[in-house]
Amino acid sequence: MLQLFKKYRSVLQFILVFMGSYFIFSILYNFYLSFFEASSYYPDFFTHLVALQSESVIESFGYTSKTMIHPNEPSLQLYVNDIFLARIVEGCNSISIIILFTSFILSFFAKFKISFLYIFTGAVIIYIANILRIVILAIGIYEYPQYTSFLHTIVFPLIIYGTVFILWVFWVRLFSKNTVDEKAV
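The notes below deal with the structure included here. (Residues numbered from 1 in each chain as written. Predicted model: local features only at pLDDT ≥ 70, side-chain atom pairs only at ≥ 80, totals over all residues. Heavy atoms only, no water.)

Brief notes about the pattern of salt bridges
Opposite charge on two side chains permits them to pair, given that their charged atoms come into close proximity.
Part 1 of the argument: Under the definition given, this model contains two salt bridges.
Part 2 of the argument: Among the salt bridges present, the one from D82 reaches K66, with a minimum N-O distance of 3.8 Å. With a gap of 16 residues between them, D82 in the loop between β2 (75–80) and β3 (83–89) and K66 in strand β1 (residues 65–69) connect regions that are remote in the sequence.
Part 3 of the argument: On the basis of relative accessible area, D82 is assigned to the exposed category, the value being 62%.
Part 4 of the argument: Under the relative-accessibility criterion, K66 is labelled partly exposed at 34%.
Part 5 of the argument: Residue R87 is joined to E73 by a salt bridge in which the shortest nitrogen-to-oxygen separation is 2.2 Å. Here E73 lies in the loop between β1 and β2 and R87 lies in strand β3, a separation of 14 residues in the sequence.
Part 6 of the argument: A residue is classified by how much of its surface remains accessible, and R87, at 42% relative accessible area, is partly exposed.
Part 7 of the argument: Since its relative accessible area comes to 25%, E73 is described here as partly exposed. (Salt bridge = Lys/Arg side-chain N within 4 Å of Asp/Glu carboxyl O. Helix = DSSP H or I, 4+ residues; strand = E, 2+ residues; numbered from the N terminus. Buried < 20%, exposed > 50% of the residue type's maximum accessible area, 1.4 Å probe, protein only.)

Comments concerning the pairing of β2
Part 1 of the argument: Most of β2 sits inside the fold, with six of its six residues counted as buried.
Part 2 of the argument: Judged by which residues are buried, β2 turns out to be covered on both faces: S75, Q77 and Y79 on one side and L76, L78 and V80 on the other are all buried.
Part 3 of the argument: By the bridge criterion, five bridges tie β1 to β2 in an arrangement that is antiparallel. Opposite T67, over in β2, you have L78 as the bridge partner.
Part 4 of the argument: Turn length for the β1-β2 hairpin, with the two strands adjacent in sequence and antiparallel, is five residues.
Part 5 of the argument: Sheet topology note: the β2/β3 ladder contains six bridges and is antiparallel. Among the inter-strand pairings, Y79 is bridged to a residue of β3, identified as F84.
Part 6 of the argument: In sequence, β2 turns back onto β3 through a hairpin of two residues, with N81 there showing a positive phi of about 50 degrees. (Pairing = 2+ DSSP bridges.)

Here it is in structure tokens:
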């Protein structure tokens, strides 16, 4: 049994670090969400910020946009040219995706500075990709309402998860190169 653990040590380490960090970050994020329930930034600070930034980017494309507090649920309603198009809920703020990304990077941890910078840069890229996906979805639904389902179920997740996947692949290739170079020295 001990030989089996030794043989699969790196796999077990990856799984434990990934699941452990994901669990810890998720608990912290849920604590954050419960802390901000009564906040002036409805429904929470990051979701509110994403809604406002999405609104600004939509307006930079020449549309009028506004967000309003949803009267019946913890979300913001997104309007383009006075037409209600989407709800921005807590799941739209990219924090859960950033937690997933960070947990993966920690599982392939390199040197502290490189890992920290990559996590920070990746989080910023994911956050920006998230804003852009909301903008693309909103403008897409406004211009092509017949494709609402396709945009929301295919294009919307493809943008954010595709971004994360590309960042992961880049990290693994970068990290693998560093470990090979270090072993060769």
